[in-house]
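In case you want the letters, here they are:
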Amino acid sequence: MNPIDAIGITQVCVRLAIAVLIGGVFGLNRELHGKAAGLRTHALVTLGAAMAAMIALPPQVAGTGTDPNALARIIQGILTGVGFLGAGVILRDPAGHVTGLTTAATIWVCAGLGIVCALGYWSLVGVSGGLVLAVLLLGRRVERVAERIFKRHPDQPPDHGV
């Protein structure tokens, strides 16, 4: 049985569309900040994770639910594989400055959001999506305030002088 037979074509379309939309929003944020992994990358990661997670949705045997072991293996594979994709955007220059960590983290969290979209956990999608958006929109401001309070120069590596 395929996911369309298990949950219906409407639910499949809604879950995949929301995955693309939420991944695209976070990718747009990264793109507007001049990062290489932008809207398309994030939307595709979220969609791919949702598609992979949906594979485990159909009942394994008539009348039984989703096999939790199969779902756990699929989720483990998604999160591990996407971690390697995220690692590709992390760079370190000779001065010790590391860039790309936030983009790598958003790629990874988009995979998680794709999984929860596939499973239809809408409250988790909403709360997590809102928190990710808050971190992306407000995080830099909080960092700047903390740098002023603790008198750390933003151009220094975080472990400078330690």
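Residues numbered from 1 in each chain as written. Predicted model: local features only at pLDDT ≥ 70, side-chain atom pairs only at ≥ 80, totals over all residues. Heavy atoms only, no water.

Trainee: Where do I start with the overall build of the chain in this structure?
Mentor: A count of helices and strands for the chain gives six helices and two strands. The proportion of buried residues among the 162 residues of the chain is 31%. Excluding contacts between residues fewer than 6 apart, the proportion of contacts in the chain whose partners are at least 24 apart in sequence is 64%. Surface summary for the chain: the accessible area is close to 9800 Å², and the carbon and sulfur share equals 67%. (Helix = DSSP H or I, 4+ residues; strand = E, 2+ residues; numbered from the N terminus. Buried < 20%, exposed > 50% of the residue type's maximum accessible area, 1.4 Å probe, protein only. Contact = heavy atoms within 4.5 Å. Areas by Shrake-Rupley, 256 points an atom, 1.4 Å probe, with all protein chains shown as cover.)

Trainee: Can you walk me through the nonpolar core in this structure?
Mentor: One recurring pattern in soluble globular proteins is that nonpolar side chains are buried together. Phe26 and Ile78 are the most contacted members of the largest nonpolar core, which totals 28 residues. At the level of secondary structure, the elements contributing two or more residues to this core comprise α2 (9-32), α3 (39-54), α4 (68-87), α5 (101-119) and α6 (122-150). At nine residues, the largest contribution of residues to this core is made by α5. Those residues in contact with Phe26 that sit more than four places away from it in its chain are His42, Cys110, Leu113, Gly129, Val132, Leu133 and Leu136. (Core = buried A, V, L, I, M, F, W, Y, C linked by side-chain atoms within 4.5 Å.)

Trainee: Can you walk me through the packing of α5 against α6 in this structure?
Mentor: Helix-helix packing is described using two parameters, namely the angle between the two axes and the distance between the axes. Between α5 and α6, the shortest axis-to-axis distance is 9 Å and the interhelical angle comes to 165 degrees. Relative to α6, the element α5 lies roughly antiparallel. In this structure, α5 crosses over α6, and the sense of that crossing is left-handed. In contact with Thr102, Thr106, Val109, Leu113, Val116 and Cys117 of α5, α6 contributes Trp122, Leu124, Val125, Ser128, Gly129, Val132 and Leu136. (Axes fitted to C-alpha atoms, helices over the stretch in contact; angles between N-to-C directions. Parallel < 35°, antiparallel > 145°, perpendicular 65-115°, else oblique. Left-handed = near helix turned anticlockwise from the far one by under 90°.)

Trainee: Explain α5 to me, please; I cannot follow it from the model alone.
Mentor: The α-helix advances 3.6 residues per turn, and as a result positions three or four apart in sequence lie on the same side. For α5, with 19 residues, the first-to-last C-alpha span of 27 Å sits near the 27 Å given by 1.5 Å per residue. A positive backbone phi angle near 75 degrees is found at Gly120, which sits one or two residues after α5. (Expected span 1.5 Å × (residues − 1).)

Trainee: I keep staring at the environment of Ile75 and nothing clicks. Help me out?
Mentor: One can find Ile75 in helix α4. The spatial distance from the C-alpha of Ile75 to the C-alpha of Ala52 is 8.2 Å, given a sequence separation of 23 residues.

Fair warning: the whole summary comes from geometry, so function is off the table for now.
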